[in-house]
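# Reading the structure
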Amino acid sequence: METEVIEKIVSIEKPHLEAPPDWQPVIMGILCNWCSYAGSDLTGTSRIQYPPNIRIIRIPCSSRVDPWFIIKSLQTTADGVLVSGCHPGDCHYISGNYYARRRFLVTKKLLNFVGYHEDRVQFSWVSAAEGQKFANVVAKVTEDIKKLGPLRLYKKENS
Amino acid sequence: MDYTKQIKEIAGKLFSEEKIDVFIGYRNSGFDENQVPVLIHHYQDVDQLVFTEKSVFNLTNYLKYEHTRNKRVGLVVKGCDSRALNLMLTENQVKRENLYIVGIACEGVVDEAGQKAQNCLECVMPDSVVFDEMLGTPSGKREYQVNADIRELDGKELTERLTYFEEVFENCIRCNACRHSCPLCYCDKCCIDQETSTLYHGANTTSSAFHALMTWSLHLAGRCVDCRNCEKACPSHLPLHLLHKQNEKVVYENFQEHQAGMIEGDRGAFYKYSMSDPDDFIM
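Predicted, not measured: the structure shown is a model, and the values here were computed from it.

In the structure shown here, the tally under the stated rule is one disulfide over all chains. For cysteine 35 of chain A, the disulfide goes to cysteine 86 of chain A, at an S-S distance of 2.4 Å. Across the disulfide from cysteine 35 of chain A to cysteine 86 of chain A, rotation about the S-S bond amounts to roughly 100 degrees, and the bridge is consequently right-handed. Here cysteine 86 of chain A lies in the loop between strand S3 (80–85) and helix H4 (96–113) and cysteine 35 of chain A lies in the loop between strand S1 (27–32) and helix H2 (36–45), a separation of 51 residues in the sequence. Considered together, cysteine 35 of chain A and cysteine 86 of chain A belong to a single accessibility category, that of buried residues. Of the cysteine sulfurs around cysteine 172 of chain B, a residue in no disulfide, the closest is that of cysteine 178 of chain B, at 6.5 Å. When its relative accessible area of 10% is taken as the criterion, cysteine 172 of chain B is described as buried. Cysteine 175 of chain B supplies the cysteine sulfur nearest to cysteine 178 of chain B, a cysteine that is in no disulfide, at a spacing of 6.4 Å. Judged by relative accessible area, cysteine 178 of chain B falls into the buried class, the value being 14%.

This is the structure in structure tokens:
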């Protein structure tokens, strides 16, 4: 990532506020029940450490994710969103993640179009056996969001 | 483009044969040069009907309300309107046997300034795709081109787009006219309404406008037919087409050149999938 671009975004998103020194990002993790949630479970049972910034919601399938969930998260508390589901071909409901994939692309492009940095919303495929990958993904997303700083764009006043 | 005489004849014939209960068309507003939609219930009112290049509104919007539900309806549709109607038929919002559709081979309507409207310049399907009777000579499908505003904004930097859209969302007054004027927004309860009440600190702020417009446009992604009823209804004159056009561009470029409502029985781009859909943005 180009540091210049990030600095510009930071200066617009928080014109009068610097990030507090002890600031930690809040990341909304939307995980599918059958793969990614089980994968995160495996991360825990394998005692692999990952950043505690992620707040996990369990959903039945990645195609349950309405773009509205992502927008709502960004508008309220979250500084970033991670949506994760089964690998293509591994969906418990045969084809749910293929439908989800199309929606994710359009959501990501539209958010980028109205001025969100593309790292604010990220997607991943994590299977139930990929405990290490889940830890790596969360670490990467947390690092990306930390670089971008707190999200203060279009936030609800009381959140 | 003046089909006033033919439409009067058709509507009169339909009423005298008792084929329809309501006819939806356009009449002169009486205040200015513009036209407004009109619902005709009796044979003697048929003389009000007109159709010229000032007939800008999408009449399929009136099919989603109570006063036309379960009635036999005749209506006039242009190319873009017929695509919306096609989607409404596919999504089981109206019954085909209740409709008598007068299709128009459209030559483009005018905007407020009297010039040819921007969406007509970029129109991909000027002829009605679903009709019982066609007026004019069809000119066929045209090639898709990316909207000029989208091309301009895409060339700009992220921060410039951010400041541009901040102003757009700031000017929204959350009147929901865009939603009510859209023929494809027919849900009885809408998820963006939870932000309406002032009790919840949500009404009429930039934040709630962002939430409402983004959710609205993403729920219309792959379905919007670019009739621009929303933009004509917007009291703040927001460039709402930008959000829809951006989605349309992404859908067209990535999902096998999908265009909404072109083929009968074809649902939106998000009701189907392909193994070769782009995957490189996913970790």
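Having seen the model, we can carry on.
Here we take up the pattern of salt bridges. All names here are of chain B. Evaluated as defined, the whole model comprises 18 salt bridges over all chains. The partner of glutamate 66 in a salt bridge is arginine 69, with the nearest N and O atoms 3.9 Å apart. For lysine 249, the salt bridge goes to aspartate 154, with nearest N and O atoms at 2.5 Å. Within this pair, whereas lysine 249 is found in helix H9 (residues 241–254), its partner aspartate 154 is found in helix H4 (residues 148–155), the two being separated by 95 residues in sequence. Residue class for aspartate 154 comes out partly exposed when judged on its relative accessible area of 32%. Residues joined in a network through salt bridges with shared partners are Glu122, Asp226, Arg228, Glu231, Lys245 and Glu248.

Residues and elements named next belong to chain B. Positioned with a positive phi, histidine 237 is a non-glycine residue whose angle comes to about 55 degrees. Its identity is not glycine, yet glutamine 256 carries a phi of approximately 55 degrees, on the positive side. In this fold, glutamine 256 is placed in the segment after H9. When its relative accessible area of 48% is taken as the criterion, glutamine 256 is described as partly exposed.

This next bit is on the nonpolar core. Residue and element names in this part refer to chain B. Within the largest apolar cluster, 100 residues are counted, with the highest numbers of intra-cluster contacts made by Phe23 and Phe165. Both domain 1 (4–135) and domain 2 (148–266) contribute no fewer than three residues apiece to this core. If we skip the residues at most four places from it in the chain, phenylalanine 23 touches Ile7, Ala11, Leu14, Phe15, Val38, Leu39, Ile40, Leu49, Gly74, Leu75, Val76 and Val102.

Looking now at the sheet that holds strand S1 (residues 22–28) of chain B. Residue and element names in this part refer to chain B. The strand order across the open sheet built from five strands is S2-S1-S3-S4-S5, with neighbouring strands paired in mixed fashion. Looking along the sheet, the strands with just one partner apiece sit at the ends: strand S2 (35–40) and strand S5 (133–135). Each neighbouring strand pair of the sheet contributes to a mean axis angle of 30 degrees, computed without reference to strand direction. Relative to S2, S1 is paired through six bridges, and the arrangement is antiparallel. In the strand pairing of S2, isoleucine 24 is matched with leucine 39.

Here the focus is the domain arrangement of chain B. All names here are of chain B. The domain boundaries assigned to chain B delineate domain 1 (4–135) and domain 2 (148–266). Here the C-alpha centroids of domain 1 and domain 2 sit 24 Å apart. Contact residues are listed per partner, giving 24 residues for domain 1 and 28 residues for domain 2. Of the roughly 2,300 Å² buried between domain 1 and domain 2 on both sides combined, carbon and sulfur atoms contribute 48%. Of all residues in domain 1, Arg83, Leu87 and Asn119 bury the most surface against domain 2, accounting for 24% of the area lost on that side. Counting the contacts that link domain 1 with domain 2 gives two salt bridges. As a salt-bridge pair, glutamate 91 and arginine 223 come within 3.0 Å of each other at their nearest N and O atoms. Where domain 1 meets domain 2, there are 17 residue pairs in polar contact (both at pLDDT 80 or more).

Each value, and the rule that gives it
Here the residue index of a chain counts from 1 through its sequence in written order. Following the order in which they are written, the chains are lettered starting with A and the ligands numbered starting with 1. Reporting in this predicted model follows two pLDDT cut-offs: at least 70 for local features of residues, and 80 or more for side-chain atom pairs to be given and counted; totals over whole chains, interfaces and linings ignore these cut-offs and use all residues. Each side-chain value is worked out from all heavy atoms of the structure, with water and hydrogens disregarded. Here, the term disulfide refers to a pair of cysteine sulfur atoms separated by no more than 2.5 Å. Runs of E in the DSSP output that reach at least two residues are strands. Runs of H or I that reach at least four are helices, and both are numbered from the N terminus. Partly exposed describes any residue whose relative accessible area lies between the buried limit of under 20% and the exposed limit of over 50%, with all areas from a 1.4 Å probe on protein chains only and scaled to the type maximum. A pairing counts as a salt bridge when a side-chain nitrogen of Lys or Arg comes within 4 Å of a carboxyl oxygen of Asp or Glu. Here the nonpolar core consists of buried residues drawn from Ala, Val, Leu, Ile, Met, Phe, Trp, Tyr and Cys, with membership extended through side-chain atoms lying within 4.5 Å. Domain delimitation in this document rests on an assignment produced automatically or drawn from a domain database. By the convention used here, residues are in contact when the closest approach between their heavy atoms is within 4.5 Å. Criterion used throughout: strands pair if DSSP finds at least two bridges between them. Note on definitions: angles span 0 to 180 degrees between N-to-C directions of axes, and those axes are lines fitted to C-alpha atoms, for helices only across the stretch in contact. By convention, the term buried area covers the 1.4 Å-probe accessible surface removed from two parts as they join, with the contributions of both added. Residues adjacent in sequence count toward polar contacts only when both atoms are side-chain atoms; beyond that, a polar contact is any pair of N or O atoms within 3.5 Å, and within protein one must be able to donate a hydrogen and the other to accept it.

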